[in-house]
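What the coordinates show
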Amino acid sequence: MALSGFVLVGFVFVHMAGNLQMFAGAEAINTYAYQLKALPWFVLWGSRLFLLVAVVVHAWTAAKICAENRASRPTTNDVEVTKKSGWASLNMGLTGSILFAFIVFHILHFTTQTVFPEYKELTTHVPASDGAEVHDVYLMVLSSFGVEWLSAVYVLCMFLLCRHLTHGVSSMFQSLGLRQESWRSKLDSLATLYGWVIFFGFISIPLAVILQKHGAVEVFDKVAFDQVVPAAVSSSIPEAPTQ
Amino acid sequence: MKLQLKIWRQDGSEDPGQFEMHDLNGVSEDCSFLEMLDLLNEQLLENGKEPVSFDHDCREGICGTCSLTINGLPHGPEDSTTTCQLHMRKFRDGETITIEPFRAKAFPVVRDLVVDRSPFDKIIQAGGYVSVRTGSAPDGNAIPIAKQDADLAMDAAACIGCGACVAACKNASAMLFTSAKAGHLNLLPQGQAEKDQRVLNMVAAMDEAGFGNCRNYGECSAACPKDISLDFIAKLNRDYSVASVKKILS
Ligand code: HEM
Ligand code: SF4
Ligand code: FES
């Protein structure tokens, strides 16, 4: 559990840092995406397999732990009180299950592009690809997050991830035997900080897209943006009938 | 004091059990929680009813026999205090107090508030000892022990085996108890020879008995009348990982 969690914690951070290149412009993110896909097949598929195993092991042990624990405490107290545990720690199974569904959706959405096959037609060129056509990740992301409900789903799921990590990261140190009374509060703060860094890091992208759509900011290339994100329906109030 | 008691009654482990309400008058603020229950039982006997069964022995907070989940908290609302050392002045006059047994699958109810905590004995039998060389007693101070280690081992040894940690845990995990008992011996030179075996066997016995998995909520330590630290659970996890790796490699 802790080891697979540790792998995912590392991955999530790198993934977030990579995504933030959205703010460095189309060429940065498209080159990054191209270079990842241009890795030797065994490195690419090896890493994918490694992550898949981590997720499967994590979810499988989670399911087992939850089932065993329900069996160990079949009766609940008439009065249930908690002194230390909060929402995040008591709902790891719930947040984890939603995250599992999210991971599946996320892969179908951006990796295989099964949800919106029209993304496959978004192509561009980057200097690194030597003239070959590459997938335009920049436009795909702008186009996706220009859809309000989709952005909302991503922000909500990242909030659940933040809660999962707030308990998970501090719990991980304890499970690995690396926690001590003198560091406990520091590790807890570190876990909370990590959770929020991940949250804000990830949601900054959908948030910026929505804000630009509504004309509040201009962080993404305007020409590209207007090409894939339809302008927000102007919220003009119907004119009052004249008398 | 005037109290209303909502007490769990259960006629053996097969009976589903239910709550019973009792009014109790004239309780002194200075009496202990168990003395208050004694008063209730006298009242029940006078009225020709069956008294409430509950566990107790030393009544001075050292034996670990008393139990009870009081208003949802094992050993009641006072930190670092066993039920026998809890006084009625910690409650309000006219209060309704809910009294339940320690709940866990591994601790079946024997009767009313008495539960069977013998699975703890199974864990101790699996490794909570040092195999001693018989013969003459060793010389005092023949084995030097660092003050730090001696203090930590004493902290762990303070566990009285009451089971409040299991009752406080939403997963009915026995990690705090097991880690205190294993940690106490693993910290001392006398415990080194059997350290790896002890950890593996005690954890196996704990799982076998049907206790749940620790999910690091920390409720156990907060409920513990002896303030056993979560550090011992971290140490048990560490010792367990080392022992498992050594076992695989050997
Ligand atoms: C695939 C969907 C997921 C499921 C079903 C899931 C479920 C769980 C559950 C039930 C726990 C146990 C909580 C406990 O012991 O209290 C847990 C722990 C944890 N999870 Fe997840 N989780 C998922 C995804 C993730 C992701 C994406 C990450 C990291 C980015 C993550 C990081 C962690 C960490 C670090 C722990 C703590 C491990 C420990 O205490 O030893 N999980 N997860
Ligand atoms: S660790 Fe504390 S709560 Fe658990 S059995 Fe020992 S004394 Fe009781
Ligand atoms: S009766 Fe001995 S500790 Fe409470």
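Residues numbered from 1 in each chain as written. Chains lettered and ligands numbered in written order. Predicted model: local features only at pLDDT ≥ 70, side-chain atom pairs only at ≥ 80, totals over all residues. Heavy atoms only, no water.

1. Focus: the environment of A54(A)
Residues and elements named next belong to chain A. Tracing the backbone through its elements, the reader meets A54 in helix 3 (residues 41-72). Given a relative accessible area of 7%, A54 falls into the buried group. The spatial distance from the C-alpha of A54 to the C-alpha of F6 is 9.1 Å, given a sequence separation of 48 residues. (Helix = DSSP H or I, 4+ residues; strand = E, 2+ residues; numbered from the N terminus. Buried < 20%, exposed > 50% of the residue type's maximum accessible area, 1.4 Å probe, protein only.)

2. Focus: the site of ligand 1
If you check the shell around ligand 1, you find 24 residues, and the closest are H58(A), H164(A), S171(A), S175(A) and R215(B). With respect to ligand 1, the chains having nearby residues are chains A and B. At 3.5 Å, a backbone N or O of A2(A) approaches an oxygen atom of ligand 1. The separation between a nitrogen atom of ligand 1 and a polar side-chain atom of H58(A) is 2.8 Å. For the shell around ligand 1, the secondary-structure elements that each account for two or more residues are helix 1 (2-19), helix 3, helix 5 (92-111) and helix 7 (148-175) of chain A. (Near = heavy atom within 4 Å. Polar contact = N/O pair within 3.5 Å; in protein donor to acceptor, adjacent residues only side chain to side chain.)

3. Quick notes on the domain arrangement of chain B
Residue and element names in this part refer to chain B. Segmenting chain B into domains produces domain 1 (3-110) and domain 2 (118-249). Of note, the centres of domain 1 and domain 2, computed from C-alpha atoms alone, are 29 Å apart. Across the contact, 17 residues belong to domain 1 and 20 residues belong to domain 2. Taken together, both faces of the contact between domain 1 and domain 2 bury some 1300 Å²; the carbon and sulfur share is 64%. Our count for the domain 1 to domain 2 interface comes out at zero salt bridges. Counting every contact that joins domain 1 to domain 2 gives two residue pairs in polar contact (both at pLDDT 80 or more). When its residues are assigned to classes, the side of domain 1 that touches domain 2 shows eight nonpolar, seven polar and two charged. (Domains from an automatic or database assignment. Contact = heavy atoms within 4.5 Å. Buried area = accessible area lost by both parts, 1.4 Å probe. Salt bridge = Lys/Arg side-chain N within 4 Å of Asp/Glu carboxyl O. Nonpolar A, V, L, I, M, F, W, Y, C, P; charged D, E, K, R; others polar.)

4. A few points about the sheet that holds strand 3 (residues 69-70) of chain B
Residues and elements named next belong to chain B. In space, the five strands of this open sheet follow the order 2-1-5-3-4, with mixed pairing throughout. The outermost strands of the open sheet, each flanked by one partner alone, are strand 2 (18-24) and strand 4 (73-74). Relative to the sheet, helix 1 (residues 33-46) contacts strand 1 (3-9), strand 2, strand 3 and strand 5 (96-100), its axis offset from that of strand 2 by approximately 90°. (Pairing = 2+ DSSP bridges. Axes fitted to C-alpha atoms, helices over the stretch in contact; angles between N-to-C directions.)

5. Concerning the packing of aromatic side chains
All chains considered together, the criterion is met by 22 aromatic pairs over all chains. Ring geometry for F116(A) and Y119(A): centres 5.5 Å apart, planes at 45°, overall tilted. Taken together, the aromatic side chains of F102(A), F105(A), F110(A), F145(A) and Y154(A) make up a single cluster linked through ring pairs. Across from the ring centre of W45(A), 4.8 Å away, lies the NZ or CZ of R48(A), which sits over that ring. The aromatic ring of W8(B) is capped on one face by R103(B), whose charged end is 4.3 Å from the ring centroid. (Phe/Tyr/Trp six-rings, centres within 6.5 Å; stacked < 30°, edge-to-face > 60°. Lys NZ or Arg CZ within 6 Å of the ring centre and 35° of its normal.)

6. Here we look at the pattern of salt bridges
Under the defined criterion, the tally for this structure stands at 24 salt bridges over all chains. Notably, a salt bridge pairs E50(B) with R111(B), separated by 3.7 Å at the nearest N-O pair. On the criterion of sequence distance, the pair formed by E50(B) in the loop between helix 1 and strand 3 and R111(B) in strand 6 (residues 109-111) is long-range, its members being 61 residues apart. For E50(B), a relative accessible area of 46% translates into the label partly exposed. On the accessibility criterion, R111(B) (28% relative accessible area) is partly exposed. Note that K147(B) is salt-bridged to D151(B), the shortest N-O span being 3.0 Å. Of the two residues, K147(B) and D151(B) are both situated in helix 3 (residues 147-157); the distance of four residues between them amounts to about one turn of the helix. Three or more residues joined by partner-sharing salt bridges are found here, namely R73(A), E80(A) and K170(B).

7. Description of the site of ligand 2
All names here are of chain B. In the region of ligand 2, 13 residues are neighbours, and C159, C162, G163, C165 and C224 sit closest. Listed by contribution, the elements that provide at least two residues to the shell around ligand 2 are helix 4 (164-168) and helix 5 (175-186). Grouping the constituent residues of the shell around ligand 2 by class yields eleven nonpolar, two polar and no charged.

8. Some words on the layout of surface pockets
Leftover empty space is mapped by rolling, across the atoms, a probe with the size of a water molecule. Estimated volume of the second largest pocket: approximately 460 Å³. Lining the second largest pocket are 22 residues, and of these K84(A), R184(A), D188(A), Y217(B) and L230(B) sit closest to its centre. Contributions of two or more residues to the lining of the second largest pocket are made by helix 4 (87-90), helix 7 and helix 8 (181-213) of chain A together with helix 7 (219-223) of chain B. It is helix 8 of chain A that contributes the most residues to the lining of the second largest pocket, four residues altogether. (1 Å grid on protein atoms, 1.4 Å probe; cavity = no way out; pocket = protein on both sides within 12 Å on 5 of 7 lines; lining within 4 Å. Points joined across faces, edges and corners; volume = space filled by probe spheres on them.)

9. Considering unusual backbone geometry
Of note, D130(A) is a non-glycine position whose phi angle comes to about 55°, a positive value. Tracing the backbone shows D130(A) in the loop between strand 1 (123-124) and strand 2 (134-135). Using a relative accessible area of 73% as the deciding quantity, one classes D130(A) as exposed. Phi is positive for D112(B), which is not a glycine, with a value near 45°. By relative accessible area, which is 3% here, D112(B) ends up buried.

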